[in-house]
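Residue-level listing of the chains:
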Amino acid sequence: MITITGRSVFGGIARGRISYYHRDEVIINKLKVVDPEREWDKYLLAKSESIEELKCLQTQATEDIGKNDAQIFYIHQVILNDSQFERLIYDYIMTKRYNADYAVARTAQAFGRILTKMDSEYIKERQADVNDISDRLIRHIQNRSGNTFELDGMSIICADDLMPSETVTLDKSKVAAFCTSGGSTTSHTAIIARTMNIPALVGMGAPLTEEFEGRFAIVDGYSGTLYIEPDEKTVKMLEHKEDEEGRKQELLRRLKGRKNITRDGREFAVYANIGSLSDVPSAIENDCGGVGLFRSEFMYLQREDFPDEEELFYNYRRVLEDMKGKRVVIRTLDIGADKNAEYFDLDKELNPAMGFRAVRICLERQDIFKTQLRALYRASAYGNLAVLIPMIIDVDEIRRVKEIIEDVKLELIEEGKSFAENVEIGAMIETPASVMLSDLLAKEVDFFSIGTNDLEQFTLAIDRQNPHYESVVPQNHLAVLRMIKIVCDNAHSCGKKVSICGELGADLSLTEIFLDMHVDALSVAPPQILPVRKTIRSLNLSDRRQIYNNIQQALKL
Ligand code: PEP
Ligand code: MG
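Rules behind the numbers
Residues numbered from 1 in each chain as written. Chains lettered and ligands numbered in written order. Predicted model: local features only at pLDDT ≥ 70, side-chain atom pairs only at ≥ 80, totals over all residues. Heavy atoms only, no water. Pairing = 2+ DSSP bridges. Helix = DSSP H or I, 4+ residues; strand = E, 2+ residues; numbered from the N terminus. Axes fitted to C-alpha atoms, helices over the stretch in contact; angles between N-to-C directions. Donors = N, O, S within 2.8 Å, 3.2 Å for Na, K, Ca; no water. Buried < 20%, exposed > 50% of the residue type's maximum accessible area, 1.4 Å probe, protein only. Contact = heavy atoms within 4.5 Å. Salt bridge = Lys/Arg side-chain N within 4 Å of Asp/Glu carboxyl O.

**Brief notes about the sheet that holds strand E9 (residues 269-274)**
Inference 1: Strand order in the closed barrel formed by eight strands is E9-E10-E11-E12-E13-E14-E15-E16, with parallel pairing between adjacent strands. Adjacent strand axes in the sheet meet at a mean angle of 25° when their direction is disregarded.
Inference 2: With four bridges joining them, E9 and strand E16 (residues 521-524) adopt parallel strand pairing. Across the sheet, residue tyrosine 271 finds its bridge partner in E16, namely serine 523.

**A word on the coordination of the magnesium ion (ligand 2)**
Inference 1: On the protein side, the magnesium ion (ligand 2) has Glu430 (OE) and Asp454 (OD) as donor atoms, found 2.0 to 2.1 Å from it. Of this pair, glutamate 430 sits in the loop between strand E13 (424-429) and helix H14 (432-436) while aspartate 454 sits in helix H16 (residues 452-459), and the two are 24 residues apart along the sequence.

**A word on the pairing of strand E12 (residues 384-389)**
Inference 1: Most of E12 is tucked away, with five of its six residues classed as buried.
Inference 2: Sheet topology note: the strand E11 (residues 327-331)/E12 ladder contains five bridges and is parallel. Across the sheet, the residue bridging to arginine 327 is asparagine 384, located in E12.
Inference 3: For E12 and E13, the ladder comprises four bridges, and the chain directions are parallel.

**Observations regarding the sheet that holds strand E2 (residues 7-10)**
Inference 1: Ordered by their spatial adjacency, eight strands build an open sheet running E1-E8-E7-E3-E4-E5-E6-E2, and the pairing between neighbours is mixed. In this open sheet, the two strands that pair with only one neighbour each are strand E1 (2-5) and E2. Recorded for the sheet is a direction-independent mean angle of 30° between the axes of neighbouring strands.
Inference 2: Across four bridges, the pairing between strand E7 (residues 216-220) and strand E8 (residues 225-228) is antiparallel. Bridging across to E8, alanine 217 finds its partner in isoleucine 228.
Inference 3: Of the strands in this sheet, strand E3 (13-20), E7 and E8 are in contact with helix H8 (residues 232-255), which crosses E3 at around 125°.

**Quick notes on the pattern of salt bridges**
Inference 1: In this structure the tally under the stated criterion is 31 salt bridges.
Inference 2: With its nearest N and O atoms 2.7 Å apart, the salt bridge here joins arginine 15 to glutamate 242. Highlighted residues: arginine 15 in strand E3 and glutamate 242 in helix H8, separated in sequence by 227 residues.
Inference 3: When its relative accessible area of 30% is taken as the criterion, glutamate 242 is described as partly exposed.

**What to know about the pairing of E3**
Inference 1: Of all the eight residues making up E3, six are buried; the element is thus mostly covered by neighbouring parts of the structure.
Inference 2: Alignment of E3 against E7, held across five bridges, turns out to be antiparallel. In the strand pairing of E7, alanine 14 is matched with valine 219.
Inference 3: Here E3 runs beside strand E4 (residues 155-159); their pairing, made up of four bridges, is parallel. Bridging across to E4, tyrosine 20 finds its partner in cysteine 158.

So this is what it looks like as structure tokens:
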């Protein structure tokens, strides 16, 4: 048995014979031509044939993987029409007098070099798209037919990397899984695999080679492992895992599509907490009511420089579109404390959790904040967005944030960029100060989201990263529970809603008391959604006396 590990893009166990993806070998000669006009015409014809082909691919992909993901083939058409891309090709043909296929290959190389120098992982990954486009153009210039990759029964498709167009043109009824040496979990191929519910592993490196062609293998999409010719013990272990997962899926299937409703008919929203675009499939798979907390700062971590407006916009827009009109609460940058990025160049502090962080940074470094807000508001035109401001301790902070938002909206209007009019603005309640001011804050914002992780650490005076946390602090401290009640009462007197997005929201022993206190929604990690929903469905809240007693007892009033 041979074991190769990679990064999992999509879970699941899949069996099949390995089929290594072959591409036709392409020979591109470098020639000086006497008739550049003829080469330019060849290019123009190849371009129009490529665009026709991409339109068909887009239609096919829309059926297979949905409109959003099929957009990639529209983006390819846009790149084909890009004036800079075309000007370079024109220059290679008409000025330098090279043959058309060589001109396209050189242009793609030049573009690729520019893209790989970018810090942004997202932009870097677009290199695969440029290669895909240039291969298509060259194929048409050379009058070659497209790659035909026939599959013989259920196959595990292995490759160095797969281009989006290659992925989508495979016979899906025979694809058990994808495994690639390169690639990343945010590449379009990964996105497509995820959307198609096909187990997929990327980043498997050099060990994944053609020599395994035709061998039987099992992909464990949960652990990110490919077992080639697995032994009996491994086969049994994977069967067991599959059964376990199957049982979880059964629970999922039974709740999916059903209303989140208590036994007495009270409807209640359970949202997902996510950290990036790649968490969205899991949120959807777990039938979330929307996204209750998108920790947007994760996109700023583990990189060399700030993400630009376009990258942020792309990510926000995708989450909003994938949520198909369901509410998506995106929290503005909560950088600082344990979530630090070198390039922010923040001063070293003795106690960063209580230092210059989150909204404090945003109010001082307004250039960073405005870039994020511009991306957020532009994305708001594509779904149901709410913006959440972290670490609020004062009413004035919210007022200043709202002023900056108004500036950003004006800028967008002047630039003719559209945005939704009804974006709700919320405050995170995660400091004792915000609890005490929640009556005043409620007048300034549209909703509250209680961050119990920080609220506990600041109320109970214990660092949430302290390894002794659990042994020092009593679980579900009365002070924190009482604070939640204060916040709910203050918000409701102003007609505003309250959700809980800290870890306490997933504590099933507290679900009933949260509902009794009239918390309006809970936002939890995707795998916790169904257990919370199951608990909600078991509750009966019709007896007002009982609810009163529960609260008196739980809060020792
Ligand atoms: C919280 O503090 O409870 C919260 C949800 O935010 P984070 O865990 O990201 O600080
Ligand atoms: Mg917090």
